[in-house]
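Each chain, written out:
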Amino acid sequence: MSLLPSLNQWQGCLAGVLVGDCLGFPYEVIRFKKMFPHTIEFIEDDLEKIKIRQMIPYVRRVKKTPTKPAKGARVTSTPTLATTSGSGETCSERQYTDDTSMTITFAKFLTESNDSLDYVDLARSFSAEFIVDVPKSRGYGPGVKKLLTKFDEVNFKNVFQYATETFKGQGSMGNGSGMRISPVALYTLNDPDRFRLVDITIDSCRLTHTHPEGIFGGIFQALAVRQALLFGAKKDKPSAIEFLDAFETEFKSVLSSKATSKRVAAYQSGYQIYQDKIDVIKKFLKGGPSSWSLQKIKEELGNKVVSSKSIPTALFCFLASFQEIDFIHTDNHFQRAITLAFALGGDTDTIGGMTGAICGAYVGLDDFPENFVQSCEASGKILNVAEQLYRKCNNSTEV
Ligand SMILES: [Mg+2]
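Residues numbered from 1 in each chain as written. Predicted model: local features only at pLDDT ≥ 70, side-chain atom pairs only at ≥ 80, totals over all residues.

1. Let's talk about the overall build of the protein chain
Selection rule: To qualify as a helix, a DSSP run of H or I must reach at least 4 residues; to qualify as a strand, a run of E must reach at least 2; elements of each kind are numbered from the N terminus. Values of the radius of gyration come from C-alpha atoms, whereas the globule rule sets the reference at 2.2 Å times the count of residues to the power 0.38. With C-beta atoms placed from the backbone, a residue is labelled by how many other C-beta atoms lie within 10 Å of its own: buried for 20 or more, exposed for 12 or fewer, partly exposed between the two.
A tally of helices and strands in the protein chain yields 18 helices and two strands. For a compact globule of 399 residues, the expected C-alpha radius of gyration is about 21 Å, and the protein chain comes in at 20 Å, within 12% of that figure. Considering only C-alpha atoms, the protein chain reaches an extent of 55 × 50 × 50 Å along its principal axes. In the protein chain, which comprises 399 residues, the share counted as buried stands at 49%.

Okay, here's the thing in structure tokens:
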């Protein structure tokens with residue numbers, strides 16, 4: 001029996017990005033390595049402390065660069081100048097990075113746009129938010145930084161041109177395509193054309209990530225989030241294998257369906273590597289927890305900033321957490337999934353954020369551990385953005 005995905009799930013999805021990003025970020029940063037070692041014991045202890053609001057504080061670097069008025073609209077941050085010392089600020093909440101920043105901007109864009117989406121406007125919004133946020137060191141990758149600055153410099157002319165010129169004309173295959181894509185799964189959930197998700201994903205990815213693996217990474221993550229919303233609303237919950245089988249069918253249909261095959265033809269070479277990763281996930285799930293280890297996940301699925309070495313990893317962290325994992329001591333699905341993502345090391349904020357998006361969409365906000373969301377910067381803002389998008393897409397004033 002199926003129900004409709006609820007506001008609780010929509011908020012869970014975007015709050016999942018926030019929590020995975022904010023709580024995972026210290027584990028990614030080399031200078032925090034001593035303070036946040038990648039041992040499972042430390043990560044579990046860190047998360048338990050967050051539940052009781054006894055977070056480990058850290059000083060984040062704050063640039064003295066002043067903000068300039070951005071040309072674009074929909075800036076979601078309060079413009080901020082650097083602290084007077086210029087060296088840093090002690091954080092009482094865990095701070096978000098580019099993953100959350102771009103997700104909020106994208107969700108606001110989808111909420112405020114009419115049906116014919118204007119991607120120049122999306123470029124303007126990403127760029128405006130980036131420029132205002134420069135002093136906060138949000139951890140944007142160097143390639144994306146250059147592109148968002150360039151858009152502003154050329155007054156948003158030919159915005160699709162510049163990403164194609166990056167990486168010697170190959171385009172970026174970084175996971176930036178997947179880290180910000182979850183609002184598209186929400187926005188297109190009720191669309192009678194179920195492949196509109198693919199169209200919007202491709203067009204939004206083309207602004208910054210044009211490598212076929214980058215494009216298919218975005219599609220992979222968007223479909224995973226959509227399926228989490230749909231399966232999370234079912235009364236009879238699937239097994240992890242049933243979830244994966246249904247996901248694989250949907251992912252394959254992007255290539256085989258008449259509705260999308262022409263659209264993805266130019267990026268077809270990016271498909272197979274994800275099919276191979278689905279096969280690895282299946283092998284691990286069928287073999288059970290004894291068939292994989294943190295090391296094997298890193299070797300066979302990856303923990304890097306490359307799309308194909310992180311986006312399927314997030315899906316695995318979610319699916320592996322359907323059952324108990326002997327080295328992770330919690331009964332909570334969401335906590336287990338992000339703990340696994342953080343324990344892998346590497347690109348912990350983005351893999352954490354993408355795992356959080358899928359798992360949050362599946363379990364819903366009410367099933368998050370206590371204080372996880374409240375311990376993150378901008379928690380109220382992201383819940384509000386999720387609610388606005390929900391009301392727009394569900395034509396609803398009811399919760
Ligand atoms: Mg980040």
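Back to the text.
2. Focus on the UniProt feature "binding site: Mg(2+)" (unreviewed entry) in the protein chain
To keep things clear, this is the line we draw: UniProt positions are given in the numbering used here, feature names are shortened, and annotations may be inferred rather than shown by experiment. Residue pairs are scored as contacts if the distance between their C-beta atoms, which are placed from the backbone, is within 7 Å.
Here, UniProt's "binding site: Mg(2+)" (unreviewed entry) annotation points to Thr97, Asp98, Asp99, Asp347, Asp349 and Thr350. The largest pairwise C-alpha distance within this set of annotated residues, which runs over 254 residues, is 12.5 Å, so the set is compact in three dimensions. Using a count of 24 C-beta atoms within 10 Å as the deciding quantity, one classes Thr97 as buried. If sequence neighbours within four positions are ignored, Thr97 has contacts with Asp21, Phe25, Arg138, Gly139 and Asp349. Relative to the helices and strands, Asp347 is located in the loop between helix H16 (333–343) and helix H17 (348–363).

3. Section: the confidence of the model for the protein chain
This is how it is decided: Across the chain, each position has a pLDDT score giving the predictor's confidence in that residue, from 0 to 100.
Looking at the protein chain as a whole, the pLDDT averages 91, with 92% of positions reaching at least 70. Below a pLDDT of 50 lies the segment residues 79–86, which in the model reaches 15 contacts outside its immediate sequence neighbourhood of four places, other chains included.

4. Describing the packing of helix H2 (residues 40–51) against H16
What counts, and what does not: A fitted line through C-alpha atoms represents every axis, and for helices the fit uses only the stretch in contact; the resulting angles, taken between N-to-C directions, go from 0 to 180 degrees. In these notes the angle categories are as follows: under 35 degrees is roughly parallel, over 145 is roughly antiparallel, 65 to 115 is roughly perpendicular, and the rest is oblique. Should the near helix be turned anticlockwise from the far one by less than a right angle, the crossing is left-handed, and should it be turned clockwise, the crossing is right-handed. Note that Gly is not counted as nonpolar here; it falls among the polar residues with everything else outside the nonpolar set of Ala, Val, Leu, Ile, Met, Phe, Trp, Tyr, Cys and Pro and the charged set of Asp, Glu, Lys and Arg.
At a minimum axis separation of 10 Å, H2 and H16 run at an interaxial angle of 135 degrees. Our classification of the angle between H2 and H16 gives oblique. Our pair here, H2 against H16, has a crossing hand that is right-handed. Seen from H2, the contacting residues are Ile40, Ile43, Glu44 and Leu47; seen from H16, they are Gln335, Thr339, Phe342 and Ala343. For the contact of H2 with H16, the class distribution of residues is five nonpolar, two polar and one charged.

5. A few points about unusual backbone geometry
Backbone geometry at Arg53 places phi at a positive 55 degrees, although glycine is not the residue there. With respect to the helices and strands, Arg53 occurs in the loop between H2 and strand E1 (58–60). The backbone of Lys168 shows a phi angle near 55 degrees, a positive value even though the residue is not glycine. Looking at the element boundaries, Lys168 is found in the loop between helix H6 (161–164) and helix H7 (176–179).

6. A few points about the environment of Ala123
Structurally, the position occupied by Ala123 is in helix H4 (residues 119–132). Along the backbone, Ala123 and Thr164 are 41 residues apart, and their C-alpha atoms lie at a distance of 15 Å. Setting aside chain neighbours within four positions, we find Ala123 in contact with Phe151, Phe156, Val159 and Leu207.

7. Observations regarding the packing of helix H3 (residues 98–112) against helix H18 (residues 379–394)
Viewed as axis vectors pointing N to C, H3 and H18 meet at an angle of 30 degrees, and their least axial separation amounts to 9 Å. Comparing their axes, H18 and H3 come out roughly parallel. You can see that H3 and H18 cross each other, and the crossing is left-handed. The residues of H18 that touch H3, namely those facing Thr100, Ile104, Ala107, Lys108, Leu110 and Thr111, are Lys381, Ile382, Val385, Ala386, Gln388, Leu389 and Lys392.

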